[in-house]
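Summary of the model geometry
Each chain, letter by letter, is given below.
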Amino acid sequence: MSNIILIGFMGSGKTAVGQALAKELGYAFIDTDEIIETGEKRTIGNIFMTEGEEYFRGLETNALKSLTGIDQTIVSTGGGIILKEENLPLLKGLGKVVYLSASHEVIYDRIKDETHRPLLRVSDPKKEIGDLLAKREEKYKKAADIIIDTSGKEVDVIVRELIKWQRSK
Ligand code: S3P
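So, here is what we can say about the structure in this document. (Residues numbered from 1 in each chain as written. Predicted model: local features only at pLDDT ≥ 70, side-chain atom pairs only at ≥ 80, totals over all residues. Heavy atoms only, no water.)

One broad trend across soluble globular proteins is that nonpolar side chains are buried collectively. Of all hydrophobic cores here, the largest spans 33 residues; its most connected members are Ile 7, Phe 9, Met 10, Ile 82, Leu 91, Ile 107 and Ile 129. Only strand S1 (4–7), helix H3 (44–51), helix H4 (53–66), helix H5 (87–94), strand S4 (96–101), helix H6 (104–111) and helix H7 (125–143) provide two or more residues apiece to this core. Of the residues forming this core, the biggest block, five residues, is contributed by H7. Look past the residues within four positions of Leu 91 in its chain and what remains in contact with it is Ile 5, Ile 7, Leu 64, Thr 77, Ile 81, Ile 82 and Val 97. Residues Leu 100, Ile 146, Ile 148 and Leu 162 belong to the second largest nonpolar core, which totals 16 residues. (Core = buried A, V, L, I, M, F, W, Y, C linked by side-chain atoms within 4.5 Å. Buried < 20%, exposed > 50% of the residue type's maximum accessible area, 1.4 Å probe, protein only. Helix = DSSP H or I, 4+ residues; strand = E, 2+ residues; numbered from the N terminus. Contact = heavy atoms within 4.5 Å.)

So, in structure tokens, the structure goes:
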């Protein structure tokens, strides 16, 4: 089992890094948000709006469970995947867990012009990012086998770092 599971806040680069890493390693790429949207045949924004966050979190756990048995795959996860304690053994059971971290400023800068994330459709998204980060930081660290700071780094630099780490194990 040589999967790599990417966790981290919205805008930490999980999708961009995950896709580039998968290409480089010749692995498959899967995104838990995509599994959910495909299964529900609607967007995450719609799920949050009509069913609420708790319902979405249940779908996230189901998505993780559905991945049992995958191999040579990079899994990108939703930023809140670490919120449910029961997801931790599921994440660890799938492969090595990589926390892509970034500072509050960098995250805000990367996602300030994007509108598809329901949790950031608030009057002060910058403050919301800071509040959510403060609540989540320890949980990301607890779940991680390695922490990679992505602030100020190009995707290919992060990919090289990850490949070096994977080969060293
Ligand atoms: C969320 C992050 C989103 C998506 C949903 C909730 C979160 O995924 O799962 O909007 O709670 O941080 P990305 O991290 O891929 O944006």
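In the vicinity of the ligand lie 13 residues, with Lys 14, Asp 33, Arg 57, Arg 117 and Arg 136 positioned nearest. Contact distances for the ligand include 2.5 Å between an oxygen atom and a side-chain N or O atom of Lys 14. Within the backbone of Gly 79, one N or O atom sits 2.9 Å away from an oxygen atom of the ligand. In isolation the ligand exposes 380 Å². Once the protein is present, 94% of that is buried. (Near = heavy atom within 4 Å. Polar contact = N/O pair within 3.5 Å; in protein donor to acceptor, adjacent residues only side chain to side chain. Areas by Shrake-Rupley, 256 points an atom, 1.4 Å probe, with all protein chains shown as cover.)

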